[in-house]
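Descriptive analysis of the structure
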Amino acid sequence: MNVCTKVYKTVNNLKHISLFKGCESAFFDELETQGQSLTCPKGRILFISGEQADRFYYIKSGWVKLFRETLDGTQAVVDILPAGHVFGETSIFSNNNYPYSAEVVESAEVIALPTLVLKTEVENNNKLALNMLNHMARYRAQQDKEIEHLSIQNASQRIGCFLLSLAKQDSVGATTIRLPYDKTLVASRLGMQPETFSRALAKLRDKTGIQVNGATINVDNLKQLSSYSCAACSSEFPCKNLKA
């Protein structure tokens, strides 16, 4: 059934992420009281763009897609987030409305937390306010990098960059990479049609020698992949801006 199930209340994970460093125990206690852990199946819509934002979320496991939808029903993927990420929190700066929609794309466990508690803490905790500004600035820098890639990199290079973001960047020798979600969604995340993705992946294979077996990608040498993919990029590999 496509529903979320309340499992248990916990916010222990939040104490260890940089966004909430400097927050006092009373803040976490308040989140503990009002937050809830939800187990969500693939396809579950968590919220829709423009809705009143009474909750923000932390991903404990799985993947969540952030997107906007045009009038004709076409989706523009904003991001696809893995475990360890917070989303929906910036709604407190946008009239308490969600600026995008969120859908679970691989079965996930998320913690739903009250935005009112977050907003009150931001108003009274300068450290948290600065953390959120830094968080938004880093995210904006990432988006700027993606705009650069769309402008300069060809489709094969964008796929290569995506694969590098999934790999351990200090790996030596052969590396196996597994796509975290289906290729159609990867294509959408990278701003291309599925057929373009298939052709570009084949070209990437020819250029770098990667082996593609379904969702599994075998790379003999990350240096060869990065040399091709990063040729049309202002950053060098390993790149701190890489994120799947």
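The present account deals with the structure reproduced in this document. Because the structure is a prediction, the values reported are computed rather than measured.

1. Observations regarding the pairing of strand E8 (residues 175–178)
Side-chain alternation along E8 places Thr175 and Ile177 on a buried face and Thr176 and Arg178 on a face that remains uncovered. Sheet analysis places E8 next to strand E10 (residues 216–219), joined by four bridges and oriented antiparallel. Across the sheet, residue Arg178 finds its bridge partner in E10, namely Thr216.

2. What about helix H6 (residues 194–208)?
Between its first and last C-alpha atoms H6 spans 21 Å; for 15 residues at 1.5 Å apiece the expected length is 21 Å, and the two agree. Within the sequence span of H6, burial applies to Phe197, Ala200, Leu201, Leu204 and Thr208. Down the axis of H6, the sector holding all buried residues measures 105°, keeping them to one side. Every exposed residue of H6 that faces more than 90 degrees away from the buried side is listed here: Arg199 and Asp206.

3. Points about helix H3 (residues 126–152)
Taking 1.5 Å per residue as the helical rise, H3 with its 27 residues ought to reach 39 Å, and the 39 Å between its terminal C-alpha atoms agrees with that figure. All buried positions along H3 are accounted for by Leu128, Asn131, Met132, Gln142, Lys145, Glu148 and His149. Contacts from the buried residues of H3 go to strand E5 (75–81), helix H2 (115–124), helix H4 (155–166) and helix H5 (183–189). Regarding H3, its N-cap is Asn125, as a side-chain oxygen of that residue lies 2.9 Å from the backbone nitrogen of Lys127 further along.

Criteria and cut-off values
Residues numbered from 1 in each chain as written. Predicted model: local features only at pLDDT ≥ 70, side-chain atom pairs only at ≥ 80, totals over all residues. Heavy atoms only, no water. Buried < 20%, exposed > 50% of the residue type's maximum accessible area, 1.4 Å probe, protein only. Helix = DSSP H or I, 4+ residues; strand = E, 2+ residues; numbered from the N terminus. Pairing = 2+ DSSP bridges. Expected span 1.5 Å × (residues − 1). Arc of directions from axis to C-beta. Contact = heavy atoms within 4.5 Å. Polar contact = N/O pair within 3.5 Å; in protein donor to acceptor, adjacent residues only side chain to side chain.

Keep in mind these values describe shape, not function.
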